[in-house]
Amino acid sequence: MKQRLSMLIMMLFAFVLIVTPVSAQNISTVDAYKTTGQFMVTKAPNPAFGDEWFIIALARGEYNVPDGYYDQYYANVVKHIQAVKGELHNRKYTEYSRLIIALTAIGKDPTNVGGYNLVEKLSDFDKVVWQGPNGAYFALIALDTWDFELSKTATTTREKLIQHILAKQLPDGGWDLSGTKADPDMTAMAIQALSTYKDQPDVKTSIDKALHTLTSLQGADGSYKSWGTTNLESTAQVITALASLNIDASKDERFHKLFASFFTFYHAKDGGFKHVLTEGAANGMATEQASYTLAAYNRLLAGKTKLYDTSDKKPNSSSTPTQPTAPPVKVSFKDTQSHWAKSDIEAAVAKGLLKGYEDNTFKPDNNLTRVQAISILVRALHLTGSGNAPFTDINAYPNDIKQEIGAAYEAKLLGVKSNKLSPSSPISREELAVMLARAYAFKTDKPYVPKNNAPFNDIAKLSQESQQAITFLYDFNIAQGANGSFSPTDVLTRAQAAKMYVNFLKVVED
């Protein structure tokens, strides 16, 4: 009887292990974004006008949408714009701002949508701010997406929008739609709009007060309430606001509990987020806000433009006037003037892959370590990750370096033959070749399989993966050997690495 009871208890315990979901806080921001992206594409298989926040979240997080998805959305928007003769609403001018943001996020020019100029609609200041401060928030954000300029006859100007927002700040340091006490959502949205101007003294003072207010409004568990209800959207808006200021919510002592609160609303079953914890399924509006928050945060970690700065999607042929940009500053080091890799070193530094030293040297012949090689590649590919990697010898490194190692590991750029990475050891030519070949497979979703191996006399005894990786470098002119040899065990110098990384980016960025 005791044996049967013991068996029954063990079976029940096993069942509990199977059906109990993994804690939502164990999911990374990258993985959570992927599930929310799938949720939104499923909810809006044929996106049209009204789905702008889905489009913004998907585009800014660079979700892999189905072929033609954005083209279908744009075609549907054009039909709607033409059907209403360019008049989206006679009062709610956030309709225009929202659509401008979405269109610029997918690289479409909002100054000519089916023959109608949507940006021009923001010219009437009184109409823009009729809805309250949020009208000014989103008009300012929309104008800043591609740095649009309104006509000289427009009553709306950036300065008027900024001053309007600042004037609406409440005595307690926050903002509300029409009340007298700070609301976390409205306060966070104001910060997002003002973030582009954070270096202006009056704006900086206003933002600092608002951050203090958001700290005081925060619950002990990192949660926020709006209209008396603890909800996902308020927390999401605060994380997005912090990202717009280049503040990592997970590392800032004032807000480090935000993500713990944020992920309590995650609904793993359908991959979305709930509005309130009592809901039994994901909520569409909550999920779209969570998704663009994750996009904003992941963009921050990857060093990309912020959520609403869609200048990275602006076509060169856009009819929108742009300000002339100064030519890039040419980098020059005193120890590379006659070096064979001078141009490659300067190109690598210009791309932010490597840096020189404070004494204006580059030290081109110094060895490159394994952790340095990983960091460069992670930055080059804008990889993000949870920071989890099964190596026991990286604990002494700072969190940002461990996150880069984790990102490289999660992208399958690193092999795991033991539990040690040997991060401070010099990296060999063979090791970097394998990393770059894996990065190519990650970037293109397919490994490079050559028909014949490169004609080097010293690679036949290497593993098949190493032979193919070295051949990848040879075939794509990323690195060449000398005198018929590749010298796979030789350690790489900083100059050699600069050349290989620059050539690699030419391949994957084409």
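Right above here is the structure, for reference.
Bear in mind that the values here come from a model prediction, so they are computed numbers and not experimental data.

Novice: Before we go on, may I ask you to explain the side chain of T36 in this structure?
Specialist: Along the polypeptide, T36 turns up in helix α2 (residues 29-43). Within the structure, T36 has its side chain in polar contact with the backbone oxygen of Y33 (distance 2.8 Å). Those residues in contact with T36 that sit more than four places away from it in its chain are G271, F273, T287, S291 and L294.

Novice: What is the right way to look at the environment of L170 in this model?
Specialist: Here L170 shows up in the loop between α8 (158-167) and α9 (184-194). By relative accessible area, which is 13% here, L170 ends up buried. Along the sequence, L170 and S244 sit 74 residues apart, while their C-alpha atoms lie 21 Å from each other. Apart from residues lying up to four places away in sequence, L170 is in contact with W175, D176, G179, T180, K181 and A182.

Novice: Can you help me understand the packing of helix α3 (residues 52-60) against helix α13 (residues 284-302) in this one?
Specialist: Two elements in contact, α3 and α13, have axes whose closest approach is 8 Å; the angle formed by their N-to-C orientations is 25 degrees. Considered as vectors, α3 and α13 are oriented roughly parallel to each other. When the axes of α3 and α13 are compared, the crossing they make is left-handed. Here W53, F54, A57 and R60 of α3 come into contact with α13, specifically with G284, E288, S291, Y292, A295 and R299. Of the residues that constitute the contact of α3 with α13, the class distribution is five nonpolar, two polar and three charged.

Novice: Looking at this structure, I do not really get the environment of A210. What am I missing?
Specialist: Within the secondary structure, A210 is located in helix α10 (residues 201-217). Relative accessible area serves as the criterion here: at 0%, A210 is assigned to the buried category. Note: C-alpha distance between A210 and L170 (40 residues apart in sequence) is 9.6 Å. Setting aside its immediate chain neighbours within four residues, A210 contacts Q169, G173, W175, T187 and I191.

Novice: So what exactly am I meant to see when it comes to the nonpolar core here?
Specialist: Among soluble globular proteins, nonpolar side chains are generally buried collectively. Residues Y137, I165, F262, F263, F273 and Y308 are the most contacted members of the largest nonpolar core, which totals 100 residues. With residues up to four places along the chain from it excluded, the contact list for F262 reads L232, T235, A236, I239, F273, A290, T293 and L294. Grouped together as the second largest cluster of nonpolar side chains are 60 residues, A380, L381, F486 and L505 included.

Novice: Explain the packing of aromatic side chains to me, please; I cannot follow it from the model alone.
Specialist: Given two aromatic rings, one states the distance between the centres and the angle between the planes to describe the pair. Evaluation of the coordinates by the stated rule reveals 25 aromatic pairs. Ring geometry for Y266 and F273: centres 5.1 Å apart, planes at 65 degrees, overall edge-to-face. Overall, the relative accessible area of 0% leaves F273 in the buried class. Members of the aromatic cluster, connected to one another through ring pairs, are F259, F262, F263, Y266, F273 and Y297.

What counts, and where the lines are drawn
Residues numbered from 1 in each chain as written. Predicted model: local features only at pLDDT ≥ 70, side-chain atom pairs only at ≥ 80, totals over all residues. Heavy atoms only, no water. Helix = DSSP H or I, 4+ residues; strand = E, 2+ residues; numbered from the N terminus. Polar contact = N/O pair within 3.5 Å; in protein donor to acceptor, adjacent residues only side chain to side chain. Contact = heavy atoms within 4.5 Å. Buried < 20%, exposed > 50% of the residue type's maximum accessible area, 1.4 Å probe, protein only. Axes fitted to C-alpha atoms, helices over the stretch in contact; angles between N-to-C directions. Parallel < 35°, antiparallel > 145°, perpendicular 65-115°, else oblique. Left-handed = near helix turned anticlockwise from the far one by under 90°. Nonpolar A, V, L, I, M, F, W, Y, C, P; charged D, E, K, R; others polar. Core = buried A, V, L, I, M, F, W, Y, C linked by side-chain atoms within 4.5 Å. Phe/Tyr/Trp six-rings, centres within 6.5 Å; stacked < 30°, edge-to-face > 60°.

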